[in-house]
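Understanding the architecture of this molecule
The chain contents come next:
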Amino acid sequence: IHDENHNMQQDIVIVGAGISGLATALALQNAGKISKIASDSVSERGDGRASISTSTGGGFIKNVRTIHVIEKSSMKSFLSLTKGAGALITPNGLRALQYIDNGNDDNDSFLMNRIIESSSCLEGSAFIPASPPNMDNGSGRSEGERKQEYEQRMMFVKDTTMEEFGLPQVFIRWASLRHILYSSIMNNNEGTRE
């Protein structure tokens, strides 16, 4: 496809609308420095699967016209906020999201702050022995004594990530993270922030 100046225009296709696919689409979209795009859409393909299309608006991605994200799951499944387990995002992951959002690693990142607000910050970890020591009834100790010994062997470690790296470790539901990335793409298209 050629534009009015006879420059070759290309499309980018991203296969998979998971976390990586949506983060890649958002990074490419933001690299295009778009402000408002009217022709973007989320649709159901003929086979019932989700499809997202967005334009780059020129910017730093020369000759890229449109970004297409193709997903194998159904539109209903894609838009569900209850699907999937959880994801742990470390400070480096949050910094990557900052950069995707605004091109630098300052803490004024709408995307990163929205993810932190929607997450649980890790405050520590508990390590529990794989099997309780001497928990069999033949040990001669009461159940209370055996339980107390087991609990004394548990190790609790405070998370110091925030103090060491300036950002927390966060745990977020996978579907919520996907929804935030998807919403950011669609809000960029409209020139708004949710």
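For every chain, the first residue of the written sequence is number 1, and numbering continues from 1 along that sequence. Since the coordinates come from a predicted model, pLDDT governs what is reported: local features require at least 70, and pairs of side-chain atoms require 80 or more to be given and counted, while whole-chain, interface and lining totals use all residues. Values shown for side chains rest on all heavy atoms present in the structure; no hydrogens or waters enter the calculation.

A few words on the packing of aromatic side chains. Ring pairs are drawn from Phe, Tyr and Trp, using the six-membered ring of Trp, whenever the two centres fall within 6.5 Å, and their geometry is named by plane angle: stacked under 30 degrees, edge-to-face over 60, tilted for the rest. Scanning all chains against the criterion turns up one aromatic pair. On the basis of an interplanar angle of 90° and a centroid distance of 5.4 Å, the ring pair of F78 and Y182 is categorised as edge-to-face. Within this pair, whereas F78 is found in helix 2 (residues 75-79), its partner Y182 is found in helix 7 (residues 174-190), the two being separated by 104 residues in sequence. Each member of the pair, F78 as well as Y182, carries the same accessibility label: buried. Secondary structure elements are taken from DSSP: a helix is a run of H or I of four residues or more, a strand is a run of E of two residues or more, and numbering for both begins at the N terminus. Here the term buried applies to any residue with accessible area under 20% of the maximum for its type, exposed to any over 50%, and partly exposed to those in between, with areas from a 1.4 Å probe on protein chains only.

Now for a nonpolar patch on the surface. Each patch groups residues whose relative accessible area exceeds 30% and which form no salt bridge, using 9 Å between like charges and 5 Å between nonpolar side chains of Val, Leu, Ile, Met, Phe, Trp and Tyr. For accessible areas, the Shrake-Rupley method is used with a probe of radius 1.4 Å. Any residue's cover is judged against the shown protein chains and nothing else. We define a salt bridge as a contact between a side-chain nitrogen of Lys or Arg and a carboxyl oxygen of Asp or Glu at a distance within 4 Å. Judged by side-chain polarity, L88, L122 and F171 come together as a nonpolar surface patch covering roughly 270 Å² of accessible area. Along the chain, the position of L88 falls in strand 5 (residues 86-89). Residue L88 is classed as partly exposed on the basis of its relative accessible area, which comes to 47%.

The criterion is simple. A nonpolar core is a set of buried Ala, Val, Leu, Ile, Met, Phe, Trp, Tyr and Cys residues joined through side-chain atoms within 4.5 Å. Ranked by size, the top nonpolar core spans 26 residues in total, and within it I89, L94, I115 and L181 carry the most contacts. If one sorts the elements of this core by residue count, helix 7 sits on top with six residues. Two residues form a contact once any of their heavy atoms are found within 4.5 Å. With residues up to four places along the chain from it excluded, the contact list for L181 reads I19, L22, A23, L26, L97 and L111.

Attention now moves to the confidence of the model for the chain. The predictor reports its confidence for every residue as pLDDT, a score running from 0 up to 100. Residues at a pLDDT of 70 or more form 66% of the chain, whose mean pLDDT is 75. At the level of individual helices and strands, the chain shows its lowest average pLDDT in strand 2 (residues 41-44), which scores 53, and its highest in strand 9 (residues 170-173), which scores 94. Every residue in residues 34-41 is under pLDDT 50, and counting partners more than four places away or in other chains gives 26 contacts.

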